Amino acid sequence: AAAQELMQRELAERDLNMLETIVLMVPFGVQGDVVVLQWPGMNVGSRQAWEVLDHAKTNGKPVDERIEWYVTQLRYSRPFRASRGDAAANRLAEIGETAVPRLIRATERESTWAQLWAARTLVQIGTQDAEDAVERWALTTLEATDDPFVLQGATYNLGRLRSDAGFEPLERLLEPHLEEHWSWAIIDSLVQIYPERAREPLGRLLTEHQPDAEHPGAIQPYLRAAYQLAKLGDERGWTALEDAVDSPLPEVRRELAFALFATWDARARKSLVTLTQDENEHVASAAKFWLDNLDRTLKQVEEQPQ
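Residues numbered from 1 in each chain as written. Predicted model: local features only at pLDDT ≥ 70, side-chain atom pairs only at ≥ 80, totals over all residues. Heavy atoms only, no water.

S.K.: Got a minute to help me understand the environment of V123 in this structure?
M.R.: The residue V123 is located in helix α7 (residues 112-125) in this model. Among the residues examined, V123 registers a relative accessible area of 10% and is labelled buried. Each residue touching V123, except ones within four places of it in the same chain, is listed here: V134, N157, R160 and L161. (Helix = DSSP H or I, 4+ residues; strand = E, 2+ residues; numbered from the N terminus. Buried < 20%, exposed > 50% of the residue type's maximum accessible area, 1.4 Å probe, protein only. Contact = heavy atoms within 4.5 Å.)

Here is the structure:
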């Protein structure tokens, strides 16, 4: 109610600066929900503060000015999190094709975070020139940077676009970056681009990079590759998932529980049931949680009208 009232007023620069401070200090929270910061005597909602600030800066302004203000918001927002960047990207997507030239320039000239947000927005708008620009940016980024955060964003977008040109560069990056946190994005994107062609590198990963105590970073990509192959109906994926039940590493068995659930396949139940009896209480607890979720999911699928 306060936000709606403030939008009806002509706010002074001091008021706008205060709103800017609130937006900077308080995270938006998951899915854009308001995170409330307790200050002495008042509660402050960051999302509403941004909405008021947005209204003051853009209402009645020419579209070019609105686009430029939203691009400035992309510069100060961590990607992949609900934030002012997410809100501004959605506004730019609503503006649509008119915003494409400025967003393309953003992928070429803006700071790293703004580039990532701009690429996401261009994919969201989805015109051919927008998608072509994102593909160019992503392919260039794979060659030009070693920043794992940026590489993850480029990889994700190549998968979303199902970029033919992206398959070979991503395949080359998989093994050298296998134990880095963003390798899951490479695995998923390879499958998105060419499901059948992805079978070979993922099968090779299962054969040559089984996780052990000296390579804990291989756990996630190993299970991700097994999950993706299982989803493709490849028996090598199922064999890897089912054999991992007997892994000597509790970290493998704990992460395995989610990978089995994520298949959304009744075949995963037997292995999950086994894991619920695991001697490690964390493994057993995780397995029970994901087994319950799998059963609910399978029941919902059965109840859906044919």
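S.K.: What should I look at first to understand the packing of aromatic side chains in this one?
M.R.: According to the stated counting rule, one finds six aromatic pairs in the structure shown. Considering the side-chain rings of F167 and Y194, the 5.6 Å spacing of their centres and the 65° angle between planes classify their relative orientation as edge-to-face. Taken together, the residues span a long stretch of sequence, with F167 in helix α10 (residues 167-174) and Y194 in the loop between α11 (183-193) and α12 (195-208) at a distance of 27 residues. Overall, F167 belongs to the buried group, its relative accessible area being 0%. (Phe/Tyr/Trp six-rings, centres within 6.5 Å; stacked < 30°, edge-to-face > 60°.)

S.K.: Which parts of the structure should I look at to understand the pattern of salt bridges?
M.R.: For side chains of opposite charge, pairing can occur when their charged atoms come near one another. Applying the stated criterion across every chain, the model contains 20 salt bridges. For the salt bridge of R102 with E68, the shortest nitrogen-to-oxygen distance reads 2.8 Å. In this pair, R102 sits in helix α6 (residues 100-109) while E68 sits in helix α4 (residues 63-74), placing the two residues 34 residues apart along the sequence. The partner of D188 in a salt bridge is R224, with the nearest N and O atoms 2.5 Å apart. Taken together, the positions of D188 in helix α11 and R224 in helix α13 (residues 219-231) put the pair 36 residues apart, joining distant regions of the chain. For R224, a relative accessible area of 26% gives the class partly exposed. What emerges from the salt-bridge pattern is a single network uniting E68, R75, R102 and E110. (Salt bridge = Lys/Arg side-chain N within 4 Å of Asp/Glu carboxyl O.)

S.K.: Sorry if this is basic, but what is going on with the side chain of D188 here?
M.R.: For D188, a relative accessible area of 11% corresponds to the buried category. Looking at D188, its side chain comes within polar contact range of the side chain of R224, at 2.5 Å. In this structure D188 touches R224 and Q228, once residues within four positions along its chain are discounted. (Polar contact = N/O pair within 3.5 Å; in protein donor to acceptor, adjacent residues only side chain to side chain.)

S.K.: Got a minute to help me understand the environment of N90 in this structure?
M.R.: On the secondary structure map, N90 appears in helix α5 (residues 84-95). Taking C-alpha positions, N90 is 9.8 Å from R120, a pair spaced 30 residues apart along the chain. Excluding residues within four positions of it along the chain, N90 makes contact with R120 and Q124.

S.K.: In this structure, what is going on with α6? I would like to understand it.
M.R.: Each full turn of the α-helix corresponds to 3.6 residues, which orients residues three or four apart in the same direction. Those residues of α6 that sit buried are V100, R102, L103, I104, A106 and T107. Where α6 is buried, its residues touch α4, α5, α7 and α8 (128-144).

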